[in-house]
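One-letter residues, chain by chain:
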Amino acid sequence: MGRRLRDGNVASHTPQNPRTNSCSRWELGVCAAVMACVSEFYAGKCVLITGATGFMGKVLVEKLLRSCPEVKALYLLIRTKQGQSSQQRIHTTLQSKLFDRLREENPDFHKKIIPVSSELTQPGLALSDEDVQTLTQNVHIIFHCAATIRFDEPLKHALQLNVIATQQLLSLAQQMQQLHAFIHISTAYANCNRHHIDEVIYPPPVEPGKLIHSLEWMDDAIIRDITPRLIGDWPNTYTYTKALAECVVQQESGKLNVGIIRPSIVGASWQEPFPGWIDNFNGPSGVFIAAGKGILRTMRASNDAVADLIPVDVVINLTLAAGWYTAVHRPKSVLVYNCTTGGINPFHWGEIEHHVMSTFKRNPLEQAFRRPNANITSNYLINQYWILVSHKFPALLYDLFLRLSGQKPQMMRIFNRLHKAIGLLEYFSSQDWEWNSDNMNMLMNQLSTEDRKMFNFDVRQLNWPEYIENYCIGTKKYVLNEDMADIPAARQHLRKLRNIRYTFNTVLLVFIWRVFIARSQMARNICDPLLPDLTTDTQKLEYPYQQNTAIYCPCLGPAPAHQAPCTTVYGRMTVYDRVWPYDRVRQCMAVYDSVWPCTTVYGRMAVYDSVRPCTTVYGRMTVYDSVRPCMAVRPCTTPYDRVRQCMAVYDSVRPCTTVYGRVRQCTAVYDSVRPCTTVYGRVRQRMAV
Ligand SMILES: CCCCCCCCCCCCCCCCCC(=O)SCCNC(=O)CCNC(=O)[C@H](O)C(C)(C)COP(=O)(O)OP(=O)(O)OC[C@H]1O[C@@H](n2cnc3c(N)ncnc32)[C@H](O)[C@@H]1OP(=O)(O)O
Ligand SMILES: NC(=O)C1=CN([C@@H]2O[C@H](COP(=O)(O)OP(=O)(O)OC[C@H]3O[C@@H](n4cnc5c(N)ncnc54)[C@H](OP(=O)(O)O)[C@@H]3O)[C@@H](O)[C@H]2O)C=CC1
């Protein structure tokens with residue numbers, strides 16, 4: 001148990017009423033020792049909440065109204081947005097599925113909600129005088145959740161909302177006559193430039209007042225240029241301004257009772273109001289969805305790094321309990337609560353990957369782009385390779401398909417956005433931090449048995465595989481609004497995708513084999529010995545070339561004597577094209593065949609000799625042999641087999657083991673034709689003779 005002093009040092013913390021189950025009757029006179037102190041504390045209280053239309057704000061409003069039904073009023077500071085007033089916006093927010101359980105239990109819950117129009121980035125929070133008066137007279141507890149959580153927010157705007165608005169809210173709080181507690185929601189990553197993070201407010205990277213003053217006169221372009229220098233060790237403007245906000249809270253808290261909650265990565269609900277509730281793409285949710293849709297195949301993350309996820313209901317339960325504790329026990333200094341799981345019940349990104357993939361295979365998302373199969377790696381190059389092969393290449397192909405079918409290409413655009421988003425998250429998934437959570441434990445010990453159940457934030461009980469499964473299903477149901485009844489159709493779609501993949505892979509393999517491997521001697525040298533030699537001993541004796549050709553023609557049988565496969569120009573050209581796509585040779589052979597199509601080896605040799613009598617072993621043997629084995633060996637019916645057969649014959653003349661040697665061997669044949677300055681000229685000449 002430790003209390004933090006304003007100078008950031010840790011001191012031993014003794015609650016002002018150090019009883020077991022210390023529900024303090026003496027300060028606010030609200031509860032009995034084993035009763036639900038927290039909910040009774042909120043009875044009759046007016047609570048001000050900022051950020052109530054946001055992810056955490058909504059869960060806070062719901063939980064407060066459901067578990068503290070005697071709360072008097074909730075003042076929600078909401079800005080007008082997209083032409084909707086704060087009243088209309090809260091009305092829309094309350095329609096969310098999140099409030100279904102509350103609607104059932106207490107249909108009149110909305111009567112306690114009082115929307116107050118407020119733009120937090122404006123002077124005086126843009127509150128009307130009347131609203132200021134109402135708030136200063138009535139509010140007992142403030143929960144400040146509003147913030148910009150975008151990692152790419154321009155520094156000036158992030159500062160305005162996360163720091164200046166906090167400052168203004170604190171000065172409004174100072175005017176409040178009945179305020180018991182001010183709870184500020186920060187983030188566990190406010191000090192992510194450190195590896196070990198205690199529950200203290202660390203010295204700010206820069207004096208917030210000075211920075212605010214400097215940025216006031218600078219134009220946006222200058223600020224953009226100096227932002228990387230200003231934020232230094234912090235990965236983005238969000239974490240940087242959250243660190244400054246903590247400092248502002250400490251500086252401006254005066255006599256207020258202040259608590260700071262630092263959640264790590266807030267995920268879907270664990271238990272309340274129902275498992276798996278989530279309504280946005282932030283943090284890991286977007287990554288899970290992208291992986292479930294089969295779009296995301298690779299991401300940089302460390303398998304062994306702790307994934308410090310924390311369910312949103314855990315954060316809200318802790319926040320409400322901290323509100324109670326701060327008001328009742330009035331710690332002398334700002335108390336910071338690191339609300340994390342890593343130190344208590346660690347789970348790793350590698351395990352998360354496994355459970356996310358297995359859940360989405362069992363409960364597929366609709367209209368997946370590919371079968372879910374994402375892998376994380378900490379290696380930059382491997383990740384880049386997979387981005388190229390598994391992201392960009394399929395995106396290009398799909399866009400090509402869309403273009404050809406008259407639609408607008410979109411896949412590359414989606415991938416670019418995804419890469420931007422995951423690029424911003426990688427900092428958090430590639431390393432881990434150690435957070436001290438003494439104050440969270442202390443607060444748990446302060447709760448009555450009843451409260452521990454009602455405001456449960458004991459993450460030791462969290463069963464990760466179950467939680468991740470509910471989380472993934474939650475993204476399907478509440479973010480993508482997909483119906484669970486349609487899962488069989490989604491599975492069918494995955495099966496279709498699998499068949500398409502098998503077909504595509506087979507075609508690709510054949511293509512690669514024919515275009516690259518079949519032309520590479522090195523690859524053949526590797527592959528050929530692996531193929532079986534099915535030649536019988538008799539065949540070997542009868543026809544020595546079969547020893548060379550057998551391995552290329554595994555289904556050898558005695559060939560009919562008259563068989564002469566090289567009978568067409570096309571077949572002949574194909575053979576040459578495969579061996580060496582050299583236009584002149586093709587031309588020559590085409591000319592020969594068109595002049596005198598030969599069906600026997602002797603005939604062919606005669607043609608050859610009529611153009612240029614072969615005087616070299618290479619030239620002679622190669623031409624002769626390339627024809628001869630074809631006549632004896634039957635099963636080589638494809639051009640590809642034929643080429644291999646020919647090459648085997650070449651090898652029998654002078655086996656080559658290097659690519660270079662191979663090329664030379666081939667060119668020896670061509671060279672015997674080459675002395676003609678032009679082939680046509682030569683042939684015409686010869687023909688004339
Ligand atoms: C299976 C693999 C398993 C391995 C998993 C590994 C996972 C690692 C996860 C690490 C998470 C670390 C989080 C650290 C959090 C720090 C905690 C906090 O305090 S603070 C809390 C954390 N704060 C944050 O997480 C904020 C991070 N987000 C941002 O900063 C910005 O949204 C942005 C820069 C990413 C995109 O900006 P911009 O290009 O202007 O685009 P818009 O904003 O306008 O949105 C465009 C579209 O994209 C959608 N979408 C949004 N986010 C994601 C996403 N992550 N992804 C995908 N999609 C996303 C969005 O819904 C929208 O859809 P639509 O409406 O068009 O259909
Ligand atoms: N989500 C997470 O993973 C984590 C969040 N946190 C902290 O929790 C808090 C809540 O986060 P979360 O709910 O996820 O964030 P959301 O982005 O979901 O919600 C932000 C809220 O702030 C409000 N807001 C933003 N700008 C203004 C403005 N100018 N005037 C009035 N209201 C404004 C938004 O209102 P509007 O609807 O009008 O935009 C919205 O209600 C933040 O302080 C964040 O730093 C900490 C750790 C992790």
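All values reported here derive from a predicted model rather than from experimental measurement.

**Structural notes on the site of ligand 2**
- The immediate surroundings of ligand 2 are formed by 26 residues, with T53, R79, R89, E119 and Y238 found nearest.
- Between ligand 2 and R79, the relevant distance is 2.7 Å, taken from an oxygen atom to a side-chain nitrogen or oxygen of the residue.
- Note that an oxygen atom of ligand 2 is positioned 2.6 Å from one of the side-chain N or O atoms of R89.
- In isolation ligand 2 exposes 890 Å². Once the protein is present, 90% of that is buried.

**Observations regarding the environment of A190**
- Along the polypeptide, A190 turns up in the loop between β7 (181–185) and β8 (196–197).
- For A190, a relative accessible area of 0% translates into the label buried.
- C-alpha of A190 to C-alpha of F401: the two residues are 211 residues apart in sequence and 45 Å apart in space.
- For A190, the contacting residues outside a window of four places in its chain are W234, T239, K242, A243 and E246.

**Thoughts on unusual backbone geometry**
- Here the residue pair E272 and P273 is connected by a cis peptide bond, since its omega of -10 degrees sits within 30 degrees of zero.
- Its place among the elements puts P273 in the loop between β10 (265–267) and α11 (284–292).
- One non-glycine residue, A126, adopts positive backbone phi at about 55 degrees.
- Looking at the element boundaries, A126 is found in the loop between β5 (113–117) and α6 (129–138).
- A126 sits in the partly exposed class, given a relative accessible area of 37%.

**Description of the UniProt feature "domain: Thioester reductase (TE)" (unreviewed entry) in the protein chain**
- This chain's UniProt record puts "domain: Thioester reductase (TE)" (unreviewed entry) on residues 49–318.
- Measuring from the first to the last C-alpha atom of residues 49–318 gives 16 Å, for a span that is 42% helix and 14% strand.

**Examining the UniProt feature "domain: Fatty acyl-CoA reductase C-terminal" (unreviewed entry) in the protein chain**
- What UniProt calls "domain: Fatty acyl-CoA reductase C-terminal" (unreviewed entry) maps, in this numbering, to residues 391–482.
- Within the segment residues 391–482, helix and strand shares are 70% and 2% respectively, and the terminal C-alpha atoms sit 25 Å apart.

**A look at the site of ligand 1**
- R150, Y238, F281, G283 and R417 are the nearest of the 27 residues found near ligand 1.
- The backbone of I149 places a nitrogen or oxygen atom 3.3 Å from a nitrogen atom of ligand 1.
- A distance of 2.6 Å separates an oxygen atom of ligand 1 from a polar atom in the side chain of R150.
- Protein chains bury 78% of the 1300 Å² of accessible surface belonging to ligand 1 in isolation.

**Some remarks on the packing of aromatic side chains**
- On inspection of all chains with the given rule, the structure shows 24 aromatic pairs.
- Ring plane angle 90 degrees and centroid distance 5.2 Å describe the contact between Y189 and W433, whose orientation is recorded as edge-to-face. With a gap of 244 residues between them, Y189 in the loop between β7 and β8 and W433 in the loop between α15 (411–429) and β15 (434–435) connect regions that are remote in the sequence. Here the two residues Y189 and W433 agree in accessibility, since each one is buried.
- Taken together, the ring pairs in this structure connect F151, Y189, Y238, Y427, F428, W433 and W435 into an aromatic cluster.
- For the cation-ring pair, K45 lies above F41, with the distance from its terminal atom to the ring centre recorded as 4.8 Å.

**What about the environment of A322?**
- On the secondary structure map, A322 appears in helix α12 (residues 312–329).
- Through-space distance from the C-alpha of A322 to that of I49 is 15 Å; in sequence the pair is 273 residues apart.
- Excluding its chain neighbours within four sequence positions, the residues that come into contact with A322 are I183, I261, Y337 and L443.

**Digging into the state of the cysteines**
- Summed over the entire model, instances satisfying the criterion amount to zero disulfides.
- In this model C192 remains outside any disulfide bridge; the closest cysteine sulfur is found in C247, 16 Å from its own.
- Looking at C339, it has no disulfide partner, and the nearest cysteine sulfur is the one in C145, 12 Å off.

Conventions adopted
Residues numbered from 1 in each chain as written. Chains lettered and ligands numbered in written order. Predicted model: local features only at pLDDT ≥ 70, side-chain atom pairs only at ≥ 80, totals over all residues. Heavy atoms only, no water. Near = heavy atom within 4 Å. Polar contact = N/O pair within 3.5 Å; in protein donor to acceptor, adjacent residues only side chain to side chain. Areas by Shrake-Rupley, 256 points an atom, 1.4 Å probe, with all protein chains shown as cover. Helix = DSSP H or I, 4+ residues; strand = E, 2+ residues; numbered from the N terminus. Buried < 20%, exposed > 50% of the residue type's maximum accessible area, 1.4 Å probe, protein only. Contact = heavy atoms within 4.5 Å. UniProt positions renumbered as here; feature names shortened; annotations may be inferred. Phe/Tyr/Trp six-rings, centres within 6.5 Å; stacked < 30°, edge-to-face > 60°. Lys NZ or Arg CZ within 6 Å of the ring centre and 35° of its normal. Disulfide = S-S within 2.5 Å.

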